[in-house]
Amino acid sequence: MRSNVAQYDLTAPTTLDAVLEILANSPENYTPIAGGTELMVALGAGHLQPRKLISLWNLEELRFIEEATDAIIIGAGSTFTDIRNHPAIAKHLPLLTQAASWTGSIANQNRATIGGNIVNASPAADTPPALLVYDATLTLVSIRGERTIPYRDFHLSYKKIDLAPDELLHSITILSNFKSYKTYIRKVGTRNAQAISKVALAAIARTDNNIIETIRIAAASLREIPTRLYATEQSLINKPLTPKTIAHARTTLINESKPIDDIRSTSKYRTAAAANLLEEFLRSL
Ligand SMILES: Cc1cc2nc3c(=O)[nH]c(=O)nc-3n(C[C@H](O)[C@H](O)[C@H](O)COP(=O)(O)OP(=O)(O)OC[C@H]3O[C@@H](n4cnc5c(N)ncnc54)[C@H](O)[C@@H]3O)c2cc1C
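All values derive from a computational prediction rather than experimental measurement.

1. Considerations on the nonpolar core
One broad rule of soluble globular proteins: the nonpolar side chains tend to lie buried together. Judged by nonpolar contacts, the single largest core of 39 residues is most densely connected at Leu 96 and Ile 174. When we break this core down by domain, the ones giving at least three residues each are domain 2 (65-175) and domain 3 (182-284). Excluding residues within four positions of it along the chain, Leu 96 makes contact with Ile 74, Ile 83, Ile 89, Ile 114, Thr 127, Ala 130, Leu 131, Tyr 134 and Ile 174. The next biggest cluster of nonpolar side chains, apart from the first, holds 24 residues, and it includes Ile 215, Leu 236, Ala 274 and Leu 278.

Have a look at this one:
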């Protein structure tokens, strides 16, 4: 049953400090809302439990993209439109530009934030595979201070994340030193727009004389959380790019995957498609 909007309170402070103060005093009562593209769906479906929402939409402190000497720092309140239109991201982090451009529709991208995508913690979300292969770092804030964690450690189990109730995701920092890497990202879905992925794979690798020196591979919809495929990576490091290596990596990926059957796809299809995506990337090297 649809929720009755009149039963919900929304407060919209204009400073980050004011939001953090409210969260610190009453963390169990408030749910942060950024673009609202996840939460409004939950509200419409009658699944949004907390009655008090605290808006992050007006916080300029969360909506920025900064190019530092060796990194790009993206405020959690940046929308996918902000990200896909940013020249430094397009130049240094093209996998993120690509992921932002195929998230939902244009209307959705004007509203949906990267912070909401990360904190919502869907295993099928579009930005996590790119963030994982770029080895992004998250900065989390509360009135207790600031802490920084590698994004690869943020997802603990299905929809469980390393974020305290009084904390907000402040920003995402990604090194901008991927020039010497070959990069890859591909989403398999029912359509190009307005489709949640059946499976998606992102990867970066550096080779020397046909030997794989460094490789990172990450996927959406292959496990209960957005996931790095560490065993598959290990099966490839220091190996020559031969059909035998590729076949072994495919088998490792299949063994490492635990996808589910759901309305969007089957476990069998997801695993087979992911192995094909990996092979496509490895052959492109
Ligand atoms: C029509 C439609 C199509 C979609 N298509 C896609 C798609 O193709 N790919 C995809 O990945 N997603 C898709 N989505 C999902 C959604 O748009 C994204 O996950 C989006 O990035 C969510 O961001 P938001 O700002 O709207 O989050 P909100 O709905 O505002 O919040 C989502 C969650 O994040 C929390 N949160 C938000 N910001 C912060 C913060 N800074 N700190 C702490 N917690 C925070 C909220 O409390 C909430 O739990 C789609 C949604 C719709 C409605």
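2. Some details on the domain arrangement of the chain
When the parts come together, some accessible area is lost, and that loss is often what is quoted as the size of the interface. Domains assigned within the chain are domain 1 (5-55), domain 2 (65-175) and domain 3 (182-284). Here the C-alpha centroids of domain 1 and domain 3 sit 36 Å apart.

3. Focus on the sheet that holds strand β1 (residues 9-11)
Spatially, β1-β3-β2 is the arrangement adopted by the three strands of the open sheet, whose pairing is parallel. Looking along the sheet, the strands with just one partner apiece sit at the ends: β1 and β2 (30-33). On average, adjacent strands in this sheet sit at an angle of 30 degrees to one another, irrespective of strand direction. Here four bridges tie β2 to strand β3 (residues 52-55), and the two strands are oriented parallel to one another.

4. What to know about helix α1 (residues 16-25)
The periodicity of an α-helix, 3.6 residues per turn, causes residues three or four positions apart to be oriented the same way. Of all the positions in α1, only Leu 16, Val 19, Leu 20 and Leu 23 are classed as buried. Summarising the axial view, the buried residues of α1 lie within an arc of 95 degrees, below the 170-degree limit, and thus occupy one face. Opposite its buried face, α1 presents the exposed residues Asp 17 and Asn 25, each directed more than 90 degrees away. Here the buried face of α1 lies against β2, β3, β6 (137-142) and β10 (168-175).

5. Comments concerning the environment of Asn 276
For Asn 276, the location among the structural elements is in helix α11 (residues 267-284). Taking relative accessible area as the criterion, Asn 276 reaches 43% and is therefore assigned partly exposed. Note: C-alpha distance between Asn 276 and Leu 201 (75 residues apart in sequence) is 10.0 Å. Among the polar contacts made by the side chain of Asn 276, one reaches the side chain of Arg 250 at a distance of 2.9 Å.

6. Here we look at unusual backbone geometry
One non-glycine residue, Ala 121, lies in the positive phi region at around 60 degrees. With respect to the helices and strands, Ala 121 occurs in the loop between α7 (114-120) and α8 (127-133). The exposure class of Ala 121 is buried, given its relative accessible area of 2%. In this model, Lys 159 sits at a positive phi of 60 degrees, which is unusual for a non-glycine residue.

7. Some remarks on the side chain of Ser 55
Looking at the element boundaries, Ser 55 is found in strand β3. Within polar-contact distance, the side chain of Ser 55 engages the backbone nitrogen of Trp 57 at 3.1 Å. Those residues in contact with Ser 55, other than ones at most four positions away along the chain, are Leu 10, Thr 11, Ala 12, Pro 13, Val 19 and Ile 33.

8. Observations regarding the pairing of strand β13 (residues 211-220)
Across the 10 residues of β13, seven count as buried, placing the element largely inside the fold. Pairing between strand β12 (residues 199-208) and β13: nine bridges, direction antiparallel. Bridge assignment links Leu 201 to a residue of β13, and that residue is Ala 219. Hairpin connection from β12 to β13: two residues lie between these consecutive antiparallel strands, with Asn 209 at a positive phi of about 55 degrees.

9. Notes on the packing of aromatic side chains
Counted according to the given criterion, the structure contains four aromatic pairs. Note on Tyr 134 and Phe 178: the rings are 4.8 Å apart at their centroids and 45 degrees apart in plane angle, and the pair reads as tilted. One end of the pair, Tyr 134, is in the loop between α8 and β6; the other, Phe 178, is in the loop between β10 and β11 (182-188), with 44 residues separating them in the sequence. Classification of Phe 178 as buried rests on a relative accessible area of 8%. Ring geometry for Tyr 151 versus Phe 154: centroids 6.3 Å apart, planes at 35 degrees, classification tilted. For the pair Tyr 151 and Phe 154, a shared accessibility class is recorded, and that class is buried.

10. Description of the pattern of salt bridges
Here the idea is simple: oppositely charged side chains can pair when their charged atoms come close. Counted according to the given criterion, the structure contains 12 salt bridges. Here Glu 233 and Arg 228 are joined by a salt bridge, their closest N and O atoms 2.7 Å apart. A relative accessible area of 11% means that Arg 228 is categorised as buried. Residues Asp 262 and Arg 270 are paired through a salt bridge, measuring 3.1 Å at the closest nitrogen-oxygen approach. Since its relative accessible area comes to 30%, Asp 262 is described here as partly exposed. A single salt-bridge network, built from bridges that share partners, covers Arg 147, Asp 162 and Glu 167.

Rules behind the numbers
Residues numbered from 1 in each chain as written. Predicted model: local features only at pLDDT ≥ 70, side-chain atom pairs only at ≥ 80, totals over all residues. Heavy atoms only, no water. Core = buried A, V, L, I, M, F, W, Y, C linked by side-chain atoms within 4.5 Å. Buried < 20%, exposed > 50% of the residue type's maximum accessible area, 1.4 Å probe, protein only. Domains from an automatic or database assignment. Contact = heavy atoms within 4.5 Å. Pairing = 2+ DSSP bridges. Helix = DSSP H or I, 4+ residues; strand = E, 2+ residues; numbered from the N terminus. Axes fitted to C-alpha atoms, helices over the stretch in contact; angles between N-to-C directions. Arc of directions from axis to C-beta. Polar contact = N/O pair within 3.5 Å; in protein donor to acceptor, adjacent residues only side chain to side chain. Phe/Tyr/Trp six-rings, centres within 6.5 Å; stacked < 30°, edge-to-face > 60°. Salt bridge = Lys/Arg side-chain N within 4 Å of Asp/Glu carboxyl O.

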